[in-house]
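Architecture and fold: a report
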Amino acid sequence: SRHDVLVFRSEPLEEDVEITGDVMVKLWVRSSAVDTDFTVKLVDEYPPNKFYPKGYALNLVDDIVRMSYRDGRLKRELIEPGKLYEIAIGPMPVSNLFKKGHRIRLDVSSSSFPQFDVNPNTGAPFDRNRGGVPARNAVFVDAAHPSLVILPIAKRG
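Just so we're clear, the structure is a prediction, and the values are computed from it rather than from any experiment.

What counts and what doesn't
- Residues numbered from 1 in each chain as written.
- Predicted model: local features only at pLDDT ≥ 70, side-chain atom pairs only at ≥ 80, totals over all residues.
- Heavy atoms only, no water.
- Pairing = 2+ DSSP bridges.
- Helix = DSSP H or I, 4+ residues; strand = E, 2+ residues; numbered from the N terminus.
- Axes fitted to C-alpha atoms, helices over the stretch in contact; angles between N-to-C directions.
- Buried < 20%, exposed > 50% of the residue type's maximum accessible area, 1.4 Å probe, protein only.
- pLDDT = per-residue confidence, 0-100.
- Patch = residues over 30% accessible without salt bridge, like charges linked within 9 Å, V, L, I, M, F, W, Y side chains within 5 Å.
- Areas by Shrake-Rupley, 256 points an atom, 1.4 Å probe, with all protein chains shown as cover.
- Salt bridge = Lys/Arg side-chain N within 4 Å of Asp/Glu carboxyl O.
- Core = buried A, V, L, I, M, F, W, Y, C linked by side-chain atoms within 4.5 Å.
- Contact = heavy atoms within 4.5 Å.
- Phe/Tyr/Trp six-rings, centres within 6.5 Å; stacked < 30°, edge-to-face > 60°.
- Polar contact = N/O pair within 3.5 Å; in protein donor to acceptor, adjacent residues only side chain to side chain.

**A closer look at the sheet that holds strand β4 (residues 56-66)**
- The strand order across the open sheet formed by four strands is β1-β6-β3-β4, and the pairing between neighbours is antiparallel. This sheet does not close on itself; its edge strands, each paired only once, are β1 (6-9) and β4. Across this sheet, the average inter-strand angle for adjacent strands is 20°, counted without regard to direction.
- Examined bridge by bridge, β1 and strand β6 (residues 103-109) share four bridges and lie antiparallel to one another. Bridge pairing in β6 links Val 7 to Asp 107.

**Focus: the pairing of β6**
- Judged by how many residues are buried, β6 sits mostly within the fold: seven of seven residues are covered.
- Here β6 shows two buried faces, one formed by Arg 103, Arg 105, Asp 107 and Ser 109 and the other by Ile 104, Leu 106 and Val 108.

**Some thoughts on the confidence of the model for the protein chain**
- Summing up the model confidence of the protein chain, the mean pLDDT is 94 and the portion of residues at 70 or higher is 99%.
- Per-element averaging of pLDDT across the protein chain places β1 at the bottom with 96 and strand β2 (residues 17-31) at the top with 98.

**Details of a nonpolar patch on the surface**
- A grouping of Leu 6, Phe 8 and Val 141 is seen on the molecular surface, where their side chains present a nonpolar patch of about 250 Å² in accessible area.
- With respect to the helices and strands, Val 141 occurs in the loop between β7 (137-140) and β8 (148-150).

**Considering the nonpolar core**
- By size, the foremost hydrophobic cluster in this structure holds 24 residues, and its most contacted members are Leu 27, Val 29, Val 40, Met 67, Ile 87 and Ile 89.
- Residue assignment for this core shows that the elements contributing at least two residues are β2, β3 (37-46), β4, β5 (85-98) and β6.
- Those residues in contact with Val 40 that sit more than four places away from it in its chain are Val 25, Leu 27, Val 61, Asp 62, Asp 63, Ile 89, Met 92, Leu 106, Asp 107 and Val 108.

**Observations concerning unusual backbone geometry**
- The peptide bond linking Gly 90 to Pro 91 adopts the cis configuration, its omega dihedral lying at 5°.
- You can see Pro 91 is positioned in strand β5.
- For the bond from Phe 113 to Pro 114, the omega torsion is 10°, close enough to zero to count as cis.
- One can find Pro 114 in the loop between β6 and β7.
- At Asn 121, a residue that is not glycine, the phi angle is positive and equals roughly 65°.
- You can see Asn 121 is positioned in the loop between β6 and β7.

**Notes on the packing of aromatic side chains**
- Within this structure, the stated rule accounts for two aromatic pairs.
- Look at Tyr 46 and Tyr 56: their rings are 5.7 Å apart centre to centre, the planes differ by 80°, and that puts the pair in the edge-to-face class. In this pair, Tyr 46 sits in strand β3 while Tyr 56 sits in strand β4, placing the two residues 10 residues apart along the sequence.
- Residue classification places Tyr 56 among the partly exposed positions, given a relative accessible area of 35%.
- Within the aromatic cluster, the residues linked to one another by ring pairs are Tyr 46, Tyr 52 and Tyr 56.

**Overview of the side chain of Ser 109**
- One can find Ser 109 in strand β6.
- On the accessibility criterion, Ser 109 (9% relative accessible area) is buried.
- Within the structure, Ser 109 has its side chain in polar contact with the backbone oxygen of Asp 4 (distance 3.3 Å).
- Once residues within four sequence positions are removed from consideration, Ser 109 is found in contact with Arg 2, Asp 4, Val 5, Asp 37, Phe 38 and Thr 39.

In structure tokens, the structure reads:
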């Protein structure tokens, strides 16, 4: 229901699907700011039932990339507004059995407060930041820029 969250979801599953291992998300992104965050959240989306008439969204695992640290925590480098970047988010270890009828969902956003600190998008060092600016972010999902999620599907039976 939020306009600032991209939601990617499967069709209702036709059979149980187990994932066990590291989830990775690769995104092609762009921003109007010199620094911003991209967050992802893997969700097990339950269908409506007698206990949850509107269904239920079970958050499984989430992670973040702060663009100024996209190449590791030891090297801080601001981004060029408008430039396209490929980023990797993860690994995120998880084990879950998505039951038949559930959906596999991935939420992508630029914030997950209070899970992660707010990024003011200014590029100023965080101990000297005195305000923030909005960031207009984009995630690309075309053939030339295939953003994707890699799920460790476990063989069953």
